[in-house]
Amino acid sequence: MAIRTVRVVGDDILYKPCKLVKVMTPRLTDLIDDMFETMYENNGVGLAAPQVGVLKQIVVIDVDDGNQYVFINPEILEEEGSQTGQEACLSVPGKYGIVTRPYKVKVKACDERMNPFVLEAEDLLARAICHECAHLKGELYISVIEGELMDAEEEEE
Ligand code: NI
């Protein structure tokens, strides 16, 4: 496993749509492992492949609920309710903003073995899924914030 460089705002790759994954390969398995390692190293709760320079529809999420989620080719099927709160992104270091997202989502995706699944998520997990799925379309949360982008007072440790 290796920690990969996180692309930051201004890097063209963050604004491009990602391609569907058709088959799992050892290279993509390594990418997924590296994405988790890179996310943990940077104290993130989610990471999308374009953030490490790969235009594939792959997302990893860990919101500390005991699961390590891998979403390949994710598609949000249903949205319900709303939540308004702080959001940040490893590609926009040192900043946060207020974003309204659905409170619940139903998402369809494949896992790291390309087995399809459907997951219903709420609260922080739903927020993370929406944020990361937007990355796969080339969209950053800063384009949907309410009010100003703000400076995080304390950065990590
Ligand atoms: Ni992000």
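Anything mentioned here points back to the structure above.
Residues numbered from 1 in each chain as written. Predicted model: local features only at pLDDT ≥ 70, side-chain atom pairs only at ≥ 80, totals over all residues. Heavy atoms only, no water.

Caption draft 1: Representation of the overall build of the chain within the structure. Tallying secondary structure elements over the chain gives two helices and eight strands in all. Scanning the chain from its N terminus toward the C terminus, one meets helices and strands in the order α-β-β-β-β-β-β-β-α-β. Along the three orthogonal principal directions, the C-alpha set of the chain runs to about 40 × 35 × 30 Å. For the chain, the proportion of its 157 residues judged to be buried stands at 44%. Intrachain contacts of the chain at a sequence separation of at least 6 include 66% that bridge at least 24 residues. Surface summary for the chain: the accessible area is close to 8600 Å², and the carbon and sulfur share equals 47%. Seen as two clouds, the 15 positive and the 30 negative side-chain charges of the chain have centres 11 Å apart. (Helix = DSSP H or I, 4+ residues; strand = E, 2+ residues; numbered from the N terminus. Buried < 20%, exposed > 50% of the residue type's maximum accessible area, 1.4 Å probe, protein only. Contact = heavy atoms within 4.5 Å. Areas by Shrake-Rupley, 256 points an atom, 1.4 Å probe, with all protein chains shown as cover. Lys, Arg positive; Asp, Glu negative; His and termini not counted. Charge placed at Lys NZ, Arg CZ, Asp CG, Glu CD.)

Caption draft 2: Inspection of helix H2 (residues 123-136) at higher detail. The terminal C-alpha atoms of H2 lie 21 Å apart, and with 14 residues this matches the ideal 20 Å at 1.5 Å per residue to within 8%. Following H2 by one or two positions, Gly138 has its phi on the positive side, about 85 degrees. (Expected span 1.5 Å × (residues − 1).)

Caption draft 3: Structural detail: the coordination of the nickel ion. Protein coordination at the nickel ion: the donors are Cys89 (SG), His131 (NE2) and His135 (NE2), at 2.0 to 2.2 Å from the metal. Taken in chain order, the donor set of the nickel ion reads C-x41-H-x3-H. One end of the pair, Cys89, is in the loop between strand E4 (83-87) and strand E5 (95-101); the other, His135, is in helix H2, and 46 residues separate them in sequence. As far as the burial class goes, Cys89 and His135 line up, both buried. (Donors = N, O, S within 2.8 Å, 3.2 Å for Na, K, Ca; no water.)

Caption draft 4: Layout of the pattern of salt bridges. A complete count under the given rule lists seven salt bridges for this structure. A salt bridge links Arg4 to Asp34; its shortest N-O distance comes to 2.8 Å. With a gap of 30 residues between them, Arg4 in the segment before helix H1 (26-41) and Asp34 in helix H1 connect regions that are remote in the sequence. Taking the shortest distance from any N to any O, the salt bridge between Arg7 and Asp11 comes out at 3.0 Å. Salt bridges sharing partners connect three or more residues here, namely Glu87, Arg101 and Arg127. (Salt bridge = Lys/Arg side-chain N within 4 Å of Asp/Glu carboxyl O.)

Caption draft 5: Main features of a positive patch on the surface. Where like charges cluster on the molecular surface, the positive patch consists of Lys19, Lys22, Arg27 and Lys56. Tracing the sequence through the fold places Lys56 in the loop between strand E1 (46-48) and strand E2 (58-61). Here Lys56 falls in the partly exposed class, since its relative accessible area comes to 30%. (Patch = residues over 30% accessible without salt bridge, like charges linked within 9 Å, V, L, I, M, F, W, Y side chains within 5 Å.)

Caption draft 6: Spotlight on H1. The terminal C-alpha atoms of H1 lie 22 Å apart, and with 16 residues this matches the ideal 22 Å at 1.5 Å per residue to within 8%. When we look at burial in H1, the residues that qualify are Leu28, Leu31, Ile32, Asp34, Met35, Phe36, Thr38 and Met39. Positioned one or two residues after H1, Asn43 has a phi angle of 55 degrees, which is positive.

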